[in-house]
Amino acid sequence: GVKFGIYKNGEFHERLFPFDAIPRIITAQEWSGLERGLIQRVNALNLFLKDVYGEKRIIKDGVVPEDFVYRSPGYLPQCEGILPVKGVYSHISGIDLVKGKDGVWYILEDNLRIPSGASYPYIARALCRRCSPETFRHNGVLDNRNYGDLLRRTMDSVNTGGINVVFTPGRYNAAYFEHSYLAEMSGSVLAEAGDLYVRDSTLYYRATEGDQRVGAIYRRVSDEYMDPLT
């Protein structure tokens, strides 16, 4: 039942996600260095976004060219001067890593807007535990079963009072399985565009038992599909 969708010749097709039972081993020592570097990188990216949409010192000081920011398709003038709760712009960051032939890890891409894929290694690990429980009994494998709790705590940390929502484009999105799975794991409500509305600058979820205020939203919809007025 673990699926992902692709569009081919204008048609939507769901496929089973491939599973490789042979893991790629990362040693604890190697991961320790990667983890420190990734934390540093995500902090730096958040500070960059805060500066670009705020004081713009990085542009004024000539560190980053003005055109690099303002001509970028990812730059949103509607977000100028907006400071998110606790100053966090990228709460969940998908940093793509690749190990070169020289044995050095490199970063391919920083996915900050709508990073996807967390559910697939989670499920792959669950399958591995079922297939070979002795591997986990006899080896010090890092446990990833707390991801749903980490996601819930991340949303709770910036919740302004209300329910947590995972906002999905719908079942024809390639990662819809993940959206529904993460909502279930984190105890959040899975919502589509028609389930949400804004009134008096406050976001609400249309529920059968009465409309509920949304306190935090995990948005899995691209920026260009959002209404800039709301």
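Attention in this report is confined to the structure presented alongside it. Remember, it's a predicted structure, so these values are computed and weren't measured experimentally.

1. Let's talk about the overall build of the protein
Then step 1. Within the protein, the regular secondary structure consists of 7 helices and 9 strands.
Then step 2. By principal-axis analysis of the C-alpha atoms, the protein measures approximately 55 × 55 × 40 Å.
Then step 3. The buried share of the protein, taken over its 230 residues, is 27%.
Then step 4. Sequence-distant contacts in the protein: of pairs separated by 6 or more residues, those separated by 24 or more amount to 54%.
Then step 5. Surface summary for the protein: the accessible area is close to 15400 Å², and the carbon and sulfur share equals 53%.
Then step 6. One way to put it: in the protein the 28 positive side-chain charges average out to a point 4 Å from where the 29 negative ones average out.

2. Here's the deal with the environment of cysteine 131
Then step 1. Mapped onto the elements, cysteine 131 comes out in helix 4 (residues 119–131).
Then step 2. For cysteine 131, a relative accessible area of 64% translates into the label exposed.
Then step 3. Taking the C-alpha atoms as reference points, cysteine 131 and glycine 215, separated by 84 residues in sequence, lie 40 Å from one another.

3. Some details on the pairing of strand 3 (residues 94–99)
Then step 1. In terms of strand pairing, strand 3 meets strand 4 (residues 105–111) through 6 bridges, oriented antiparallel. Within strand 4, the residue paired with valine 98 across the bridge is tyrosine 106.
Then step 2. Hairpin connection between strand 3 and strand 4: a loop of 5 residues separates the two successive antiparallel strands, and glycine 103 in this loop has a positive phi of roughly 80°.

4. Focus on the pattern of salt bridges
Then step 1. Enumeration according to the criterion identifies 13 salt bridges in this entry.
Then step 2. Of the charged contacts in the structure, one is a salt bridge between arginine 145 and aspartate 143, with a shortest N-O distance of 2.7 Å.
Then step 3. Each of Arg113, Arg219, Asp223 and Glu224 takes part in salt bridges that share partners, so that together they form one network.

5. A few points about a nonpolar patch on the surface
Then step 1. A grouping of Val98, Val104, Tyr106 and Leu108 is seen on the molecular surface, where their side chains present a nonpolar patch of about 360 Å² in accessible area.
Then step 2. Within the secondary structure, valine 98 is located in strand 3.

6. A look at the sheet that holds strand 5 (residues 163–167)
Then step 1. Ordered in space as 6-5-9-8-7, the 5 strands form an open sheet in which the pairing is mixed. Here the strands that pair on one side only, and so sit at the sheet edges, are strand 6 (189–191) and strand 7 (196–199). Across the sheet, the axes of successive neighbouring strands diverge by a mean angle of 50°, strand direction being ignored.
Then step 2. For strand 8 (residues 202–205) and strand 9 (residues 212–219), the ladder comprises 2 bridges, and the chain directions are antiparallel. Residue pairing for strand 9: tyrosine 204 is matched across the bridge by arginine 213.

7. Section: the packing of aromatic side chains
Then step 1. For the coordinates displayed, the defined rule picks out 11 aromatic pairs.
Then step 2. On the numbers, 5.6 Å between centres and 80° between planes, the contact of phenylalanine 4 with phenylalanine 17 is edge-to-face. Within this pair, whereas phenylalanine 4 is found in strand 1 (residues 3–8), its partner phenylalanine 17 is found in the loop between strand 2 (11–16) and helix 1 (28–52), the two being separated by 13 residues in sequence.
Then step 3. On the basis of relative accessible area, phenylalanine 17 is assigned to the partly exposed category, the value being 35%.
Then step 4. Aromatic rings pair up to connect Phe4, Phe17, Tyr120, Tyr122, Phe177 and Tyr181 into one cluster.
Then step 5. Its guanidinium or amino end placed over the ring of tyrosine 172, arginine 171 lies 4.7 Å from that ring's centre, counting from NZ or CZ.

8. Some words on the pairing of strand 9
Then step 1. By the bridge criterion, 5 bridges tie strand 5 to strand 9 in an arrangement that is parallel. Paired with valine 166 across the strands is tyrosine 218, a residue of strand 9.
Then step 2. Taken together, strand 8 and the strand that follows it, strand 9, pair antiparallel across an intervening segment of 6 residues, in which glycine 210 is found at a positive phi of about 120°.

9. So, helix 1
Structural remark: α-helix, 3.6 residues per turn; residues separated by three or four positions point the same way.
Then step 1. Counted at 1.5 Å a residue, the expected span for helix 1 with its 25 residues is 36 Å, and the 36 Å between its end C-alpha atoms agrees.
Then step 2. Within the span of helix 1, buried status applies to Leu34, Leu38, Val42, Leu45, Asn46, Asp51 and Val52.

Rules used in this analysis
Residues numbered from 1 in each chain as written. Predicted model: local features only at pLDDT ≥ 70, side-chain atom pairs only at ≥ 80, totals over all residues. Heavy atoms only, no water. Helix = DSSP H or I, 4+ residues; strand = E, 2+ residues; numbered from the N terminus. Buried < 20%, exposed > 50% of the residue type's maximum accessible area, 1.4 Å probe, protein only. Contact = heavy atoms within 4.5 Å. Areas by Shrake-Rupley, 256 points an atom, 1.4 Å probe, with all protein chains shown as cover. Lys, Arg positive; Asp, Glu negative; His and termini not counted. Charge placed at Lys NZ, Arg CZ, Asp CG, Glu CD. Pairing = 2+ DSSP bridges. Salt bridge = Lys/Arg side-chain N within 4 Å of Asp/Glu carboxyl O. Patch = residues over 30% accessible without salt bridge, like charges linked within 9 Å, V, L, I, M, F, W, Y side chains within 5 Å. Axes fitted to C-alpha atoms, helices over the stretch in contact; angles between N-to-C directions. Phe/Tyr/Trp six-rings, centres within 6.5 Å; stacked < 30°, edge-to-face > 60°. Lys NZ or Arg CZ within 6 Å of the ring centre and 35° of its normal. Expected span 1.5 Å × (residues − 1).

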